[in-house]
Amino acid sequence: MSSKPLQRLDRVVIRFAGDSGDGMQLTGDRFTSETAALGNDLSTLPNFPAEIRAPAGTLPGVSSFQLHFADHDVLTPGDRPDVLVAMNPAALKANLADLPRGSTIIVNTDEFSKRNLAKVGYAASPVEDGSLESWHVHEIALTSITVEALADFGLTRKEKERAKNMLALGLLSWMYSRPLEGTEAFLKAKFAKAPEILEANLTALRAGYNYGETTEDFAVRFEVAPATMPPGTYRTITGNAAMALGLVSASHRAGLPLVLGSYPITPASDILHTLSGMKRYGVTTLQAEDEIAAVGMALGASFGGALGITSTSGPGLALKAETIGLGVSTELPLVILDIQRGGPSTGLPTKTEQSDLLQAIHGRNGESPVAVIAPQSPSDCFDIAMEAVRIATTYRTPVIVLSDGYLANGSEPWRVPGVADLPDLEVEFATGPNDTDDKGEPVFHPFLRDPETLARPWAVPGTAGLEHRIGGIEKADVTGHISYDPDNHDKMTRLRQGKIDRIADTIPDLEVDDPSGEARVLVLGWGSTYGPIAAATRLVRATGLPIAQAQLRHLSPFPKNLGEVLRAYDRVIVPEMNLGQLALLLRGHFLVDVQSHTAVRGLPFPAADLAEVLHKSIAQTLEGVQ
Amino acid sequence: MSTGTDLGIPALGGTQGVPRLAEDTPRQTKKDFTSDQEVRWCPGCGDYAVLAAVQGFLPDLGLKRENIVFVSGIGCSSRFPYYLDTYGMHSIHGRAPAIATGLATSREDLSVWVITGDGDALSIGGNHLIHAMRRNVNLTILLFNNKIYGLTKGQYSPTSDVGSVTKSTPVGSVDHPFNPVSLALGAEASFVARTMDSDRAHLTTVLQAAAEHRGTALVEIYQNCPIFNDGAFQLLKDRDEKEARVLNLVHGEPVRAGNDHVVVRRADGALAVVAESEAEPGSVLVHDAGDEDPSLAFALSRLDDGSMTHIPMGIFRSVSRPTYDDQVRAQVDGARSSAGGPADDEDLAALLRGRDTWTVA
C-alpha cells in the first residue's frame with residue numbers, strides 16, 4: 001500500500017497530450033482500460049491530427065486523448081480537464097486554454113528546450129516565467145527519468161526515450177490508484193517477439209508508478225470509487241468497434257452472410273479493419289478500387305442474397321450517391337455507414353461533425369428516399385447497426401447510418417448483450433410464383449408489394465422460375481418491366497416514398513425525458529450530441545429549472561409522434577454540429593419554429609456551454625410569456 | 001507454361017461450382033433464354049447478332065438457367081440483360097464490373113456475365129474494368145465496341161479514331177483512343193479476346209472459351225452502329241479486304257496475314273508483318289495464348305496502328321492464375337473450418353465479450 005494519504009474524488013477528467021509520435025493514443029487507451037477494470041463509468045475523446053507524423057514539436061502535430069471517469073454515470077468526455085499531461089511545449093500551448101485555473105499540469109521539462117519553445121512561439125519557458133502560477137504544475141523530467149531507469153538496457157537512447165509514455169502512464173496510474181496488471185498483460189502480448197523492448201516498457205511503467213510513490217512532488221493520491229451500474233458483463237467499446245460487432249450480430253441473427261465493400265477513409269477505416277478480421281463469422285470484406293465500387297460490390301452482394309454493407313465518410317457518401325439511387329430503384333437491402341467528419345470537401349478528416357444529414361436524406365438525383373438513422377453513443381452503434389439491417393431487409397431499401405468521428409473513436413463501458421436477447425432478423429426470400437397472369441397461370445412479379453410494408457420480394461439468383469431483370473430504369477408497377485408511362489412513374493415514385501414512410505410503423509415513439517413534467521422548453525438533438533445535451537440538461541436541472549430532453553435516432557422517417565412532441569412545448573431548441581440541418585427539416589415537416597443552436601468546431605459541444613444556451617432559452621421563454 | 005483453359009489442359013473451369021442441368025433433362029434451347037421483352041435496338045444494329053449468338057450458345061453450357069446472371073451498365077448494349085430470360089441487373093453507367101464483383105464473390109454458384117460498351121467500360125467505368133481484370137474475378141465481360149456513343153446520339157467515345165467528326169467534335173476528335181485489348185493485357189487480364197458481331201461462328205467459339213475460363217475473361221466485340229458510326233469495321237468484313245487485314249490468332253499456329261504474309265519476331269524482339277517469302281527461317285511467330293508473360297500478346301495487339309491494316313482477332317491470352325473470388329472465399333472458409341465450423345451463438349457471445357471484461361454483480 002501507498003504511504004501517502006488517499007483522497008476520494010467523484011469524477012476526474014484527464015487529458016494526455018503530446019506529439020503525434022509520442023504514443024498518447026495508446027497511453028489513453030491503456031488508462032481507459034485500467035479505469036474500466038476498476039468499475040468507473042467513463043467516456044473518452046481521442047483528438048489527433050490528420051497527418052501521421054506532423055513536424056515534431058509543432059502545434060499542428062499535437063495529439064491528445066481525454067478521459068472522463070467517475071463514480072456515477074458519465075455522459076461526455078468532460079468539458080475541461082482536471083489534469084493535463086503535456087509531453088512538450090506544443091502540447092501545453094495547444095491545450096492550456098481548455099484548462100480551468102487551479103487544475104493540474106504535468107509537464108515533461110526535458111522537452112522545454114529553447115528550440116522547442118521557439119517552435120511554438122514561446123519567448124520564455126512558461127514553466128519558469130510565472131505564467132502558469134494559477135495552475136498546479138508538476139515539473140518532471142519524464143524523458144531523462146525514463147532513460148535513467150533504462151540505463152542497463154542495451155537499447156539506443158532514442159529507443160529508451162520512446163518508453164516515456166509508459167513512464168507517464170505509470171505515474172498517472174499511481175496518482176489515481178489504477179492497477180497496472182492489465183497494461184502489463186497488454187505489453188506482454190504486444191511485444192511478445194521483442195523481449196528487450198517489452199522489459200524496457202514494463203520497467204518504465206513501474207518506474208513511473210514508483211516515482212509517484214517516492215517523490216515529494218506528489219503529496220496525495222486519489223481514488224474514484226466504482227460507479228453503480230446495472231448488473232452484467234461489461235467491456236469498453238468504441239463506436240466503430242460496436243458498429244462492426246452489431247453488423248456481425250445482425251448477420252448472425254439474419255442468417256445471411258455479411259459482405260462489406262469499403263474503401264479506406266478516415267474515420268471509418270477501423271470498421272473495415274475490424275470486419276476483415278471476422279472471416280470466422282462468415283464475413284467477407286472487399287477493399288474496393290474506389291468508393292463507388294465499394295458500394296457497387298455491396299449492392300451486387302445484396303442482389304445475390306447477402307447482407308451488403310459499405311462503410312465510408314462524407315466524401316465517400318457523395319461518390320456513392322448514384323449507386324444508392326440504384327439501390328432505391330432496384331429496392332434491394334443495402335446498409336451505408338457514414339462516419340461523418342468535418343466538411344466540405346476533404347475538410348477535417350479526423351474531427352467530428354454532423355453535417356451530412358441533408359446529404360444522407362436528399363443527396364441523390366430524383367425522388368430517392370432512403371431510411372436514415374443515427375446512433376447516440378459509442379455503444380449505441382451496436383444497436384443502430386442491428387436496426388439498420390432490420391430496416392434494410394424488412395423494407396428492401398438502402399439505409400444510411402450517420403455516426404461520426406466522436407462516436408467512432410470515443411469509448412465507454414458497454415454491457416454485453418446476450419445473444420438470445422438480440423432481435424430476430426430472419427428474412428424470407430421469394431421461393432415461387434406470387435401472382436397469376438391473364439390466363440390464370442402462376443407467375444412471379446418482382447415488384448408486387450407486401451401490402452403492409454410495401455416491400456417487394458427478395459428473389460435471389462439461383463431460385464428456379466423467378467428469373468427476372470431489375471435496374472435503374474423506371475419499372476412498371478407489379479411486373480417490373482421497363483415503363484415510361486407517366487402515370488406509372490407517378491405511382492412508383494409515391495410507392496417508394498410511401499414504403500419509407502411506413503417504416504415509421506415499426507419504430508418506437510420519441511421518448512421525452514422531463515422528470516418534473518413542468519418543462520416548457522424542449523431540447524431536441526440527434527445522433528452523437530446525446531451525451532453533451534444530456535449533461536447540459538443535468539446542469540440546468542441542478543439549478544432548479546425544468547427542461548425536457550429528447551434525442552432522435554430515426555431521421556428518415558421521423559418517429560410518428562414527433563410533430564405532437566414539438567407542439568407540446570413553448571420552445572424547442574435544436575443543438576447540432578452543423579449549421580442547422582435538422583432544424584431545417586423540422587421546420588419544413590412540422591411548421592414549428594425551432595430554435596437552432598449550432599457549432600462546427602470539430603469537437604463535441606462542451607456541456608457547460610450548452611447549459612448556458614439552455615438557461616438563456618428558458619429565461620427568454622419565461623419572459624416572453626409573462 | 002501455364003494452363004489456359006482453352007488449351008485442352010484440365011483446369012478449374014469457369015463454370016465449376018455452378019449447378020448444371022441433370023443429365024436426363026431435355027436440352028435447353030435458344031427459346032429458354034429468350035425473355036418476353038421486345039428487343040428495341042435500331043434496325044441493323046450489331047447487337048442483334050450478338051444477342052442471337054449468346055442466346056444460341058448459352059444452352060451449350062448446360063447450366064441451370066437460374067444460376068446465370070447478366071449485369072450491365074448503361075448504353076445501347078447494356079439493355080442486353082432484359083432480352084435474356086436469366087437473372088439480370090441493368091445497373092448504372094460504368095459500374096457493372098464492381099456490382100458483378102460483389103455478386104460473383106459472394107455466390108460461387110453463379111455464372112456471372114458483364115455486358116458493357118466502349119463508353120461504359122473504358123470511359124466512365126475504366127477504373128472498375130481494370131481492377132476487375134487485375135483481381136481476376138471470375139466474370140465474363142463482353143465489351144461491345146462500336147467506337148461511338150450511341151444511346152446519347154453520336155458523340156465520340158474513348159475508342160473513336162483521332163479526327164472522328166461527331167456531334168461533339170465538329171472539327172474532329174483530338175483524343176487518342178484506347179485499344180481495349182492492349183488495355184486489358186496491360187491490366188494482366190487472364191483471358192483476352194477479340195471477335196466480330198457478324199462472324200457468328202468465331203463469336204461462338206470465343207464465347208465458349210471465355211465461359212470456360214476461370215477468372216476475368218475480356219471479350220472485345222467489334223460491333224457496328226448503323227446509325228452513328230456505320231461501317232466502322234467494314235474493312236474487316238469485306239470479303240476482299242479482310243483477308244489481308246485480319247490476323248486470325250490460333251493457339252499453336254503461325255500468325256498469318258492473308259495468304260502470303262506472316263508475323264515475324266525480329267532480332268530486336270519487335271513484331272512485324274512481312275511477306276512470307278522474306279521471313280527469316282524460324283522467325284515466324286507461333287501464337288502461344290498460354291504464355292504467362294503478356295508481352296508478346298501485347299505486341300500482337302499493337303500491330304493494329306489504328307488504320308485497320310492489321311487487326312488480330314481471336315484469343316490473345318488465356319492463362320490460369322488464382323481468381324479473386326475463389327481466394328476470398330477460401331479465406332473465409334479457411335477461417336471457419338479452422339475454428340471448427342460456422343459460428344454458433346456461443347462463438348458470437350465470445351466475440352461480443354472480447355478479451356477484457358468485468359462483471360457488475
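Overview of the structure. (Residues numbered from 1 in each chain as written. Chains lettered and ligands numbered in written order. Predicted model: local features only at pLDDT ≥ 70, side-chain atom pairs only at ≥ 80, totals over all residues. Heavy atoms only, no water.)

1. What about the interface of chain A and chain B?
Here's step 1: The interface of chain A with chain B comprises 65 residues on the first partner and 60 residues on the second.
Here's step 2: Looking only at chain A, the three residues that lose the most surface to chain B are A:Arg280, A:Glu289 and A:Arg469, adding up to 15% of its buried area.
Here's step 3: Linking chain A with chain B are four salt bridges.
Here's step 4: The partner of A:Glu289 in a salt bridge is B:Arg135, with the nearest N and O atoms 2.8 Å apart.
Here's step 5: Taken together, chain A and chain B are joined by 28 residue pairs in polar contact (both at pLDDT 80 or more).
Here's step 6: Its residues assigned to classes, the side of chain A that touches chain B shows 37 nonpolar, 20 polar and eight charged.
Here's step 7: Looking at chain direction, strand E9 (residues 232-238) of chain A and strand E12 (residues 358-360) of chain B are connected through three bridges and run antiparallel. When the bridges of E12(B) are listed, A:Gly232 appears paired with B:Val360. (Contact = heavy atoms within 4.5 Å. Buried area = accessible area lost by both parts, 1.4 Å probe. Salt bridge = Lys/Arg side-chain N within 4 Å of Asp/Glu carboxyl O. Polar contact = N/O pair within 3.5 Å; in protein donor to acceptor, adjacent residues only side chain to side chain. Nonpolar A, V, L, I, M, F, W, Y, C, P; charged D, E, K, R; others polar. Pairing = 2+ DSSP bridges. Helix = DSSP H or I, 4+ residues; strand = E, 2+ residues; numbered from the N terminus.)

2. Notes on the pairing of strand E10 (residues 271-275) of chain B
All names here are of chain B.
Here's step 1: Burial analysis of E10 places four of its five residues in the buried class, the great majority of the element.
Here's step 2: Of the strand pairs in this sheet, strand E9 (residues 261-265) and E10 are connected by five bridges, and their pairing is antiparallel. Paired with Val262 across the two strands is Val274, which belongs to E10.
Here's step 3: In this antiparallel pair of consecutive strands, E9 and E10, the connection spans five residues, and Gly269 shows a positive phi of 95 degrees. (Buried < 20%, exposed > 50% of the residue type's maximum accessible area, 1.4 Å probe, protein only.)

3. Comments concerning the sheet that holds strand E2 (residues 11-19) of chain A
All names here are of chain A.
Here's step 1: Read across the open sheet, the six strands follow the order E3-E4-E2-E5-E6-E7; overall the sheet is mixed. Of all the strands in the sheet, the pair left with one neighbour each is strand E3 (41-47) and strand E7 (136-140). Direction aside, neighbouring strands of the sheet carry axes that sit 15 degrees apart on average.
Here's step 2: Inspection of the sheet shows strand E6 (residues 104-108) paired to E7 by five bridges, in the parallel sense. Pairing of Asn108 across the sheet is with Ile140, part of E7. (Axes fitted to C-alpha atoms, helices over the stretch in contact; angles between N-to-C directions.)

4. Let's talk about the environment of B:Asp268
Here's step 1: Checked against the element boundaries, B:Asp268 lands in the loop between E9 and E10.
Here's step 2: Here B:Ala270 takes part through its backbone nitrogen, which lies 3.0 Å from a polar atom of the side chain of B:Asp268.

5. A word on the packing of helix H1 (residues 46-61) of chain B against helix H6 (residues 200-212) of chain B
Residues and elements named next belong to chain B.
Here's step 1: At their nearest, the axes of H1 and H6 sit 10 Å apart, and the two run at 50 degrees to each other. The orientation of H1 relative to H6 falls into the category oblique. The interaxial crossing formed by H1 with H6 has right-handed handedness. Residues Ala49, Val50, Ala52, Ala53, Val54, Gly56, Phe57, Asp60 and Leu61 of H1 form the contact with H6, whose own contacting residues are Arg200, Leu203, Thr204, Leu207, Gln208 and Ala211.
Here's step 2: For the contact of H1 with H6, the class distribution of residues is ten nonpolar, three polar and two charged. (Parallel < 35°, antiparallel > 145°, perpendicular 65-115°, else oblique. Left-handed = near helix turned anticlockwise from the far one by under 90°.)

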